[in-house]
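Descriptive structure summary
This is what each chain is made of:
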Amino acid sequence: MFLYCLRRLIATKRITLITQAKTLSILPAPLFSSGSFVFQPNTGLQWNTVAPIKSSLVLNQQGVQLNGKVATQPNAQVNNTGQATVTALFLAVIGGDLNQLRNYFDIKPVSTDIQNWRLQLTPKTKQLAAHIKQITIHGASNTERLVIFEANGDKTDIQLDTTTLERKTIEQ
């Protein structure tokens, strides 16, 4: 069921509303942001934040763009191995690409209840575990929540509302 729900998130071109809470171990309260994203497996992810600061981030196989400007290019001479890995992992998590995720994580179904399923992803390598402690993916008929537990104690909690607002393609 959870694989179906992950793939359903990307089956149509849709805008997914997001609310994100970033908990930093050094701050007493989380930081909140909101916006939306559009994901298509062949073209990548466009992540738009509208509050508290308006920004646009595009992740795809060609690299990373922030507010329309190239932030990184995978083929650049600068060592972008870490950036490329993070980009590939994030696209795999958002896209429900379990084959790609299995390269980096042990995947354990914590709950397979159709109305409240949950997957736990634990890094396979020490290099990845140095940054990510665990990722949990929750859902019912759609993927509803991603929680990234970082090795330094920080946590990113992303709530997803997969209501289809309009059909949209990612502009490159």
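This report concerns the structure included in the present document.

Rules behind the numbers
Residues numbered from 1 in each chain as written. Predicted model: local features only at pLDDT ≥ 70, side-chain atom pairs only at ≥ 80, totals over all residues. Heavy atoms only, no water. Core = buried A, V, L, I, M, F, W, Y, C linked by side-chain atoms within 4.5 Å. Buried < 20%, exposed > 50% of the residue type's maximum accessible area, 1.4 Å probe, protein only. Helix = DSSP H or I, 4+ residues; strand = E, 2+ residues; numbered from the N terminus. Contact = heavy atoms within 4.5 Å. Phe/Tyr/Trp six-rings, centres within 6.5 Å; stacked < 30°, edge-to-face > 60°. Salt bridge = Lys/Arg side-chain N within 4 Å of Asp/Glu carboxyl O. Pairing = 2+ DSSP bridges.

Here we look at the nonpolar core
Residues F37, L45, F105, I135 and I137 are the most contacted members of the largest nonpolar core, which totals 26 residues. The set of elements that each furnish at least two residues to this core consists of β2 (31-40), β3 (44-51), α2 (81-95), α3 (98-104), β8 (117-123), β9 (132-139), β10 (143-150) and β11 (155-161). With five residues, the single largest contributor to this core is α2.

Here's the deal with the side chain of T87
By the element assignment, T87 lies in helix α2. With residues near it in sequence (within four places) discarded, T87 still touches L59, N60 and V64.

A short note on the packing of aromatic side chains
For any pair of aromatic rings, the description rests on two quantities: the centre-to-centre distance and the angle between the ring planes. Per the counting criterion, the structure on display carries two aromatic pairs. Taking the centre distance of 5.4 Å and the plane angle of 5 degrees together, the rings of F37 and W47 count as stacked. Residue F37 is found in strand β2, and its partner W47 is found in strand β3; the two are separated by ten residues along the sequence. This pair shows no difference in class: F37 is buried, exactly as W47 is. Clustering of aromatic rings is evident, with ring pairs tying together F37, W47 and F90.

A few points about unusual backbone geometry
Note that the residue after A51, namely P52, is joined by a cis bond; omega there is 5 degrees. Structurally, P52 can be placed in the loop between β3 and β4 (55-60).

Quick notes on the environment of E144
Looking at where E144 falls in the secondary structure, it is placed in strand β10. Look at E144 and you get partly exposed, because its relative accessible area is 36%. Sequence separation of E144 and N116 is 28 residues, and the distance between their C-alpha atoms is 9.7 Å.

Considering the pattern of salt bridges
This model, assessed by the stated rule, comprises two salt bridges. Note that K22 and E150 form a salt bridge whose closest N and O atoms lie 2.3 Å from each other. A residue pair is termed long-range when its members are at least 10 positions apart, and K22 in strand β1 (residues 15-23) and E150 in strand β10 qualify at 128 residues. Residue D157 is joined to R145 by a salt bridge in which the shortest nitrogen-to-oxygen separation is 2.6 Å. Taken together, the positions of D157 in strand β11 and R145 in strand β10 put the pair twelve residues apart, joining distant regions of the chain.

Describing the pairing of β11
Of the pairings in the sheet, the one linking β1 to β11 comprises seven bridges and is antiparallel in character. Counterpart to T19 in the pairing with β11 is Q159. Where β10 lies against β11, five bridges are found, and the strand directions are antiparallel. Paired with I148 across the strands is T156, a residue of β11.

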